[in-house]
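Coordinate inspection notes
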Amino acid sequence: VSQSRYTVNALERCLAKNNQLINNQSANQQINHNQNQLDNIITNFKQARAEEEAKKKAEEEAKKKAEEEAKIKETITNLQKFNNSNFNELATALQNPNCPLTELDLESNNISNEGAIALATALQNPNCKLTELDLRWNKISNEGAIALATALQNPNNKLTELDLWKNKISNEGAIALATAIQNPN
C-alpha cells in the first residue's frame, strides 16, 4: 500500500507537471499568436503611415507646381503688350520647366531684334515647350531673323510653326530662315 501510495503520488506529481507543461505550451502558442498579430498591426501601421506621407508629399508637389504654373501664366498675362525691355522676363518664364505654354501670339507688339533674340534663346532651352509662335506685324529685321534661324536649327527647339509676316526682314534674314527650315533639326 505504501509503495502504491508512493506510485500514485509520483503519478499525480507527474500529471500535474504534465498539465503545467501543457498549460505553458498553450500559453506560448497564445503569446506567439499575439506577437504575430502585433507584428502585423505594426507593419500595417508603418505601411499606412508611409503611404500617407507619400500622398502628402505628392499633393504638396502638385500644389507647388500648380502655383508655379499660375505664376508663369500671370506673368505672361501681365505682359500683355510686350516691349523689348521685358522680353528677358518672358524668355525666363518660357524656359521654366513648369511653363505650360505651347502657343504664343505676339502679333503687333513692336518687337525688335532684341525681343527676337531673347525669344530665340528661350526656344533653344530644353524646357521651352513652344510649338507655335506668331510674330507677325513686328519690327524684327535680319539680326532677329538670324537669331531665330539659329534657334530653329537647335535640337532642343520644338517649334513647328513660326509666323514672321510683315516684319523688316530682307534677303539676308530670309536666306538664314530658309536654310534653317531645311535643317533636319
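Residues numbered from 1 in each chain as written. Predicted model: local features only at pLDDT ≥ 70, side-chain atom pairs only at ≥ 80, totals over all residues. Heavy atoms only, no water.

Time to look at helix α2 (residues 87-94). Turning to α2, its buried residues are F87, L90, A91, A93 and L94. Along the axis of α2, the buried residues cluster in a sector spanning 160°; they form a single face. Along α2, the residues that are exposed and aim more than 90 degrees away from the buried face are N88 and T92. (Buried < 20%, exposed > 50% of the residue type's maximum accessible area, 1.4 Å probe, protein only. Helix = DSSP H or I, 4+ residues; strand = E, 2+ residues; numbered from the N terminus. Arc of directions from axis to C-beta.)

The strands that make up a sheet are held in pairs by hydrogen bonds between backbone atoms, and each pair lies either parallel or antiparallel. Ordered by their spatial adjacency, three strands build an open sheet running β1-β2-β3, and the pairing between neighbours is parallel. Because the sheet does not close on itself, it has two edges, and the strands there are β1 (103-105) and β3 (161-163). The average undirected angle you get between the axes of adjacent strands in this sheet is 5°. (Pairing = 2+ DSSP bridges. Axes fitted to C-alpha atoms, helices over the stretch in contact; angles between N-to-C directions.)

Glancing now at the packing of helix α3 (residues 113-123) against helix α4 (residues 142-153). Remark: α3 packs on α4, axes separated minimally by 8 Å, with the N-to-C direction vectors making an angle of 5°. In terms of orientation, α3 lies roughly parallel with respect to α4. Contact with α3, carried on its side by N113, A116, I117, A120 and L123, involves E143, G144, A147, L148 and A151 of α4 and no other residues of that element. For the contact of α3 with α4, the per-class residue count stands at seven nonpolar, two polar and one charged. (Parallel < 35°, antiparallel > 145°, perpendicular 65-115°, else oblique. Contact = heavy atoms within 4.5 Å. Nonpolar A, V, L, I, M, F, W, Y, C, P; charged D, E, K, R; others polar.)

What tends to happen in soluble globular proteins is that the nonpolar side chains get buried as a cluster. Core analysis: the biggest nonpolar cluster contains 32 residues, and L94, L106, L119, L123, L130, L133 and L135 have the highest contact counts within it. Looking at this core, the elements with two or more residues in it are α2, α3, α4 and α5 (171-182). L119 has contacts with F87, L90, L94, L106, L133 and L135, leaving out every residue within four places of it along the chain. (Core = buried A, V, L, I, M, F, W, Y, C linked by side-chain atoms within 4.5 Å.)

With respect to the helices, strands and loops of the structure, A122 is situated in helix α3. Residue class for A122 comes out buried when judged on its relative accessible area of 0%.

Another aspect to go through is the confidence of the model for the chain. Averaged over every residue, the pLDDT of the chain is 84; the share at 70 or more is 79%. When mean pLDDT is taken per element in the chain, α4 scores highest with 98 and helix α1 (residues 2-78) scores lowest with 75. (pLDDT = per-residue confidence, 0-100.)

Attention now moves to unusual backbone geometry. Its identity is not glycine, yet S108 carries a phi of approximately 55°, on the positive side. In this structure, S108 sits in the loop between β1 and α3. Owing to a relative accessible area of 35%, S108 belongs among the partly exposed residues under this scheme. Backbone geometry places K166, a non-glycine residue, at a positive phi of 60°. Inspection of the secondary structure puts K166 in the loop between β3 and α5.

A separate point is the packing of aromatic side chains. Scanning the entire structure with this criterion turns up one aromatic pair. Ring plane angle 90° and centroid distance 5.6 Å describe the contact between W137 and W165, whose orientation is recorded as edge-to-face. Residue W137 is located in the loop between β2 (132-134) and α4, and its partner W165 is located in the loop between β3 and α5; the two are separated by 28 residues in the primary sequence. (Phe/Tyr/Trp six-rings, centres within 6.5 Å; stacked < 30°, edge-to-face > 60°.)

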